[in-house]
Amino acid sequence: MIFAVTASLLGFLALSIPVGIVLFLLGIGVDQFFTPFPLLRGLGQVVWSSSNSSTLIAIPFFVLLGEILVRGGIAEKTYEALDKWFSWLPGGLIHANIGTATMFSATSGSSVATAATVATVAMPQAEKLGYDPKLFSGAIAAGGTLGIMIPHRNLIVYGFLTETSIPRLFLAGLVPGLVMAVAFMLVTVVLCKIKPSLGGQSRSFTWAERVGSLRHLIPILILFIAVIGSIYAGWATPTESAAIGVVIAMLIAAFNRGVSNDMIKLCLVGTVRITAMIMLVIIGAYFLNFTLTAAGMGRELKDLLTGLNFSPMGTLMVVVALYIVLGFFIETLSLMVATIPIIVPIMTGMGFDKVWFGILLIVLIEMALITPPVGLNLYVVQGARKSGRLSEVMLGTIPFVLVMMAMIVGLIFLPQLALFLPDYL
């Protein structure tokens, strides 16, 4: 059954069938071929129970928050301000790419939307100032993955699917996310020191210009503190903090004169589309998990893993390798919802902390955004470039993929990277 379900999943995805539909089709197939029980009769109850949760309300709020940031004219001003502060470093604008991507993905929770926004703003500057197209575009694609921790709607999905505290997940992801952002910048500095031509023209700004640019950074920092701080302090649930973030983002967009009827319409339509896609995938995943559990898939997979006679650490390495390979072919949200209900109970049963494993899993899954052939951020950045080859973007992400792999190793051998803040606070 494991082979049949995996092969069917890859086959349906290769046919470009929408992911949510694929999950329902797999569930129906499992019902028809691998169990004598009439599981389809439980479809209505599964659909209702999987969508009737107040926790999920946070998802459309975070999506709307990201839409407002993207369409409200905030990205360009934030990018220009960070450019003034980071221009003295080897690599110049590349650090502005990473910084802007970190700030926007941290508040909007969308890696792909962040990569698209930063690429649109940054690419004209790269061509004008002579930056190496591979490293420059690779930094944008990789930078979009940095907000996975601070927070990200995928963490909400993980918390919902595994019944894990979402505030603890947000706390656990903060340190790894910031460490990766700093590591991305350090890698850029080293590469540009070794080969200065990668970093384009050297530029400098006065302190007056830098201080003056803070008026574009302070509102974003206020938004971040309001959204994340209210969760960490226990003043608001993730849903409530996301709603607060939407109001603040609208005020920032209005201050920047980025609010219009068309902008509001585009934000709302985009929110409905993305939320509907996410909910279809979540409901489909719940139905598939329901049929797989009834058919004994969890038991088969557990027997397979335990039959290897590996230690818990050896089993973890197998799971890490599995996610890296699957990430080459399956889109991130699909990979999450299709595997988490099966894998997480096995790993927690072996003694691994559920919060820690969630952060490790999110890093693995988000790394799939910048690994070919299905890395969405690669195609988003290439689309914004409007020239050159996709292979250039892929080559440019290699240093940052290595950083993410180093973070995976760090989380495995130093779990307190993720657990220090949740345990301390």
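Described below are features of the structure shown in this document. This is a predicted model, so every value here is computed, not measured.

### Details of the packing of helix 13 (residues 261-295) against helix 16 (residues 332-349)
And step 1. Contact geometry for helix 13 and helix 16: axes closest at 9 Å, N-to-C directions at 30°. Taken together, helix 13 and helix 16 sit at an angle that is classed as roughly parallel. The element helix 13 and its partner helix 16 pack so that their crossing is right-handed. On helix 16, the residues that touch Met 277, Ile 278, Val 281, Ile 282, Ala 285, Asn 289 and Leu 292 of helix 13 are Leu 333, Val 337, Pro 341 and Ile 342.

### A word on the environment of Leu 217
And step 1. You can see Leu 217 is positioned in helix 11 (residues 207-232).
And step 2. As a C-alpha pair, Leu 217 and Glu 80 span 137 residues in sequence and 9.7 Å in three-dimensional space.
And step 3. With residues near it in sequence (within four places) discarded, Leu 217 still touches Thr 78, Ala 81, Leu 82, Trp 85 and Met 103.

### A few points about the side chain of Thr 188
And step 1. Within the element layout of this structure, Thr 188 appears in helix 10 (residues 166-194).
And step 2. Apart from residues lying up to four places away in sequence, Thr 188 is in contact with Pro 90, Gly 91, Ile 94, His 95, Ile 98 and Phe 400.

### Some remarks on helix 2 (residues 19-33)
And step 1. For helix 2, spanning 15 residues, the distance from its first C-alpha to its last is 21 Å, which sits close to the expected 21 Å at 1.5 Å a residue.
And step 2. Listed as buried for helix 2 are Val 19, Gly 20, Val 22, Leu 23, Phe 24, Leu 26, Gly 27, Gly 29, Val 30 and Asp 31.

### Looking at the environment of Pro 196
And step 1. Relative to the helices and strands, Pro 196 is located in the loop between helix 10 and helix 11.
And step 2. Since its relative accessible area comes to 55%, Pro 196 is described here as exposed.
And step 3. As for Pro 196 and Tyr 131, which are separated by 65 residues in sequence, their C-alpha atoms are 9.9 Å apart.

### Quick notes on a nonpolar patch on the surface
And step 1. Taken together, Ile 21, Leu 25, Ile 28, Leu 40 and Leu 280 make up a surface patch of nonpolar side chains, about 350 Å² in accessible area.
And step 2. Sorting elements by how many residues they give to the nonpolar patch places helix 2 first, with three residues.
And step 3. Judged by relative accessible area, which is 35%, Ile 28 ranks as partly exposed.

The rules behind each value
Residues numbered from 1 in each chain as written. Predicted model: local features only at pLDDT ≥ 70, side-chain atom pairs only at ≥ 80, totals over all residues. Heavy atoms only, no water. Axes fitted to C-alpha atoms, helices over the stretch in contact; angles between N-to-C directions. Helix = DSSP H or I, 4+ residues; strand = E, 2+ residues; numbered from the N terminus. Parallel < 35°, antiparallel > 145°, perpendicular 65-115°, else oblique. Left-handed = near helix turned anticlockwise from the far one by under 90°. Contact = heavy atoms within 4.5 Å. Expected span 1.5 Å × (residues − 1). Buried < 20%, exposed > 50% of the residue type's maximum accessible area, 1.4 Å probe, protein only. Patch = residues over 30% accessible without salt bridge, like charges linked within 9 Å, V, L, I, M, F, W, Y side chains within 5 Å. Areas by Shrake-Rupley, 256 points an atom, 1.4 Å probe, with all protein chains shown as cover. Salt bridge = Lys/Arg side-chain N within 4 Å of Asp/Glu carboxyl O.

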